[in-house]
Amino acid sequence: MTSTGLQSQPTSAIIAEHLRERVVDGTYAPGAQMNEARLAGDFQVSRGPVREALQRLVQEGLLESRRNRGVFVRELTDDDAAEIFAAREVLECAAAAVIAAKPAGERARIATALSSIAAELNAAIRANQEARTLRLDHEFHSRFVDSAGNSRLSRAYATIATESLICSSHGVGAHPPLGDFSTHHEALVQLTERGDIEGIHAAVHRHLTRA
Ligand SMILES: [Zn+2]
């Protein structure tokens with residue numbers, strides 16, 4: 001069998017990535033049924049990789065498997081959102097502890113990278129691009145956690161951050177006005193540069209606690 005020209009990622013991982021995007025952007029609405037045969041047709045692949053991709057998203061909590069009924073897009077509630085934001089806070093603070101212990105030069109580089117995402121994010125806010133704002137917010141926080149350099153922590157965070165993005169995109173659970181994001185992120189960048197662990201904890205808490 002010859003190569004199909006797909007990237008080195010397995011087909012199921014590529015399909016999972018596409019499906020994840022569509023769950024996040026609402027193409028597949030909460031509660032919608034995922035039809036394996038139809039998806040295989042859409043992606044022009046056999047059902048095997050589609051089934052694998054669906055299982056992967058079930059594990060990530062984006063889809064749910066109902067016995068004898070099939071696989072559905074999970075409907076997240078306000079209670080789910082509260083758990084998700086609390087878990088994000090724990091993981092982001094764990095990353096903060098690692099980052100704060102890094103040498104000043106490295107912290108400065110991390111702060112610069114965060115700052116450039118924050119700048120793009122602020123432009124998206126000014127342009128009233130809500131979906132783009134939320135996507136960049138996801139990128140900002142993922143970059144922050146990835147900066148700790150702990151692949152397990154990054155992996156745990158990736159799942160919870162995607163769920164968080166779904167909540168925000170679908171208006172589940174209250175989130176602060178997008179206008180407040182700029183000041184929150186600016187504070188996080190400065191505190192990261194200073195390695196102020198207490199300050200980061202407080203800023204993360206303020207940003208993720210939904211009044
Ligand atoms: Zn944010």
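Above this note sits the structure.
Model, not experiment: these values are computed from the prediction.

Peer 1: Honestly, the packing of aromatic side chains in this entry has me stumped. Any pointers?
Peer 2: Each pair of aromatic rings is reported with the distance of its centres and the angle of its planes. Inspection of every chain in the model, using the stated rule, returns zero aromatic pairs. Note that Arg66 overlies the ring of Phe72, its terminal NZ or CZ placed 4.0 Å from the centroid.

Peer 1: Whenever I open this one, the layout of surface pockets confuses me. Can you help?
Peer 2: It is a probe the size of a water molecule, rolled over the atoms, that shows where empty space is left. A volume near 450 Å³ is recorded for the largest pocket. Along its surface, the largest pocket is lined by 19 residues, and Glu17, Arg20, Glu60, Ala158 and Thr162 are the ones closest to its centre. Elements with a minimum of two residues in the lining of the largest pocket: helix 1 (11-24), helix 3 (47-60), helix 6 (130-146) and helix 7 (151-169). For the lining of the largest pocket, the element with the most residues is helix 7, which contributes seven residues. Of the residues belonging to the lining of the largest pocket, the class tally is five nonpolar, six polar and eight charged. Looking at which domains feed residues into the lining of the largest pocket, each of domain 1 (11-73) and domain 2 (78-208) gives three or more.

Peer 1: Would you take a moment to explain the coordination of the zinc ion for this structure?
Peer 2: Geometry sets the ideal angles at a metal, namely 109.5 degrees for four tetrahedral donors and 90 or 180 degrees for six octahedral donors. Distances from the zinc ion to its protein donors, Asp137 (OD), His141 (NE2), His185 (NE2) and His207 (NE2), fall within 2.0 to 2.1 Å. For the zinc ion, the four donor atoms in the first shell make angles of 86 to 141° at the metal, a pattern classed as irregular. Sequence spacing of the donors to the zinc ion: D-x3-H-x43-H-x21-H. Placement of the pair is Asp137 in helix 6 and His185 in helix 8 (residues 178-194), with a sequence separation of 48 residues. An identical accessibility class is assigned to Asp137 and His185; each is buried.

Peer 1: Any chance you could explain the pairing of strand 3 (residues 70-73) here in plain terms?
Peer 2: As a general feature of sheets, a regular strand has side chains that alternate between the two faces. Note: strand 1 (residues 33-34) against strand 3, two bridges, orientation antiparallel. If you follow Gln33 over to strand 3, its bridge partner there is Phe72. Note: strand 2 (residues 63-66) against strand 3, four bridges, orientation antiparallel. Paired with Arg66 across the strands is Gly70, a residue of strand 3. Between the antiparallel neighbours strand 2 and strand 3 lie three residues, among them Asn68 with a positive phi of about 60°.

Peer 1: What exactly am I supposed to notice about the packing of helix 4 (residues 78-100) against helix 9 (residues 197-208) here?
Peer 2: Each packed pair of helices is defined by two parameters, the angle between the axes and the distance between the axes. The contact between helix 4 and helix 9 brings their axes to 10 Å, and the two run at 160°. One way to sum up the angle between helix 4 and helix 9 is to call them roughly antiparallel. Here the hand of the crossing between helix 4 and helix 9 comes out right-handed. For the pair helix 4 and helix 9, contact is made by Phe85, Arg88, Glu89, Glu92, Cys93, Ala96, Ala97 and Ala100 and by Ile197, Ile200, His201, Val204, His205 and Leu208, respectively.

Peer 1: Explain the side chain of Thr162 to me, please; I cannot follow it from the model alone.
Peer 2: Looking at where Thr162 falls in the secondary structure, it is placed in helix 7. The contacts of Thr162, once residues within four sequence positions are left out, are Arg20, Val24, Leu62 and His138.

Peer 1: Is there a simple way to explain helix 6 in this structure?
Peer 2: Working note: α-helix, 3.6 residues per turn, so residues spaced by three or four point in the same direction. The first and last C-alpha atoms of helix 6 sit 24 Å apart over 17 residues, in line with the 24 Å expected at 1.5 Å per residue. Taken residue by residue, helix 6 has Thr133, Leu134, Leu136, Asp137, Phe140, His141, Ser142, Phe144 and Val145 as its buried positions. Those residues of helix 6 that are buried are in contact with helix 4, helix 5 (104-126), helix 7, helix 8 and helix 9.

Peer 1: Help me out: how do you make sense of the environment of Arg20 in this one?
Peer 2: With respect to the helices and strands, Arg20 occurs in helix 1. Given the relative accessible area of 14%, Arg20 is considered buried. With 146 residues separating them along the chain, Arg20 and Ile166 place their C-alpha atoms 9.7 Å apart. Look past the residues within four positions of Arg20 in its chain and what remains in contact with it is Arg56, Leu57, Glu60, Leu62 and Thr162.

How each quantity is defined
Residues numbered from 1 in each chain as written. Predicted model: local features only at pLDDT ≥ 70, side-chain atom pairs only at ≥ 80, totals over all residues. Heavy atoms only, no water. Phe/Tyr/Trp six-rings, centres within 6.5 Å; stacked < 30°, edge-to-face > 60°. Lys NZ or Arg CZ within 6 Å of the ring centre and 35° of its normal. 1 Å grid on protein atoms, 1.4 Å probe; cavity = no way out; pocket = protein on both sides within 12 Å on 5 of 7 lines; lining within 4 Å. Points joined across faces, edges and corners; volume = space filled by probe spheres on them. Helix = DSSP H or I, 4+ residues; strand = E, 2+ residues; numbered from the N terminus. Nonpolar A, V, L, I, M, F, W, Y, C, P; charged D, E, K, R; others polar. Domains from an automatic or database assignment. Donors = N, O, S within 2.8 Å, 3.2 Å for Na, K, Ca; no water. Tetrahedral: all angles 85-135°; square planar, octahedral: opposite > 155°, others 65-115°. Buried < 20%, exposed > 50% of the residue type's maximum accessible area, 1.4 Å probe, protein only. Pairing = 2+ DSSP bridges. Axes fitted to C-alpha atoms, helices over the stretch in contact; angles between N-to-C directions. Parallel < 35°, antiparallel > 145°, perpendicular 65-115°, else oblique. Left-handed = near helix turned anticlockwise from the far one by under 90°. Contact = heavy atoms within 4.5 Å. Expected span 1.5 Å × (residues − 1).

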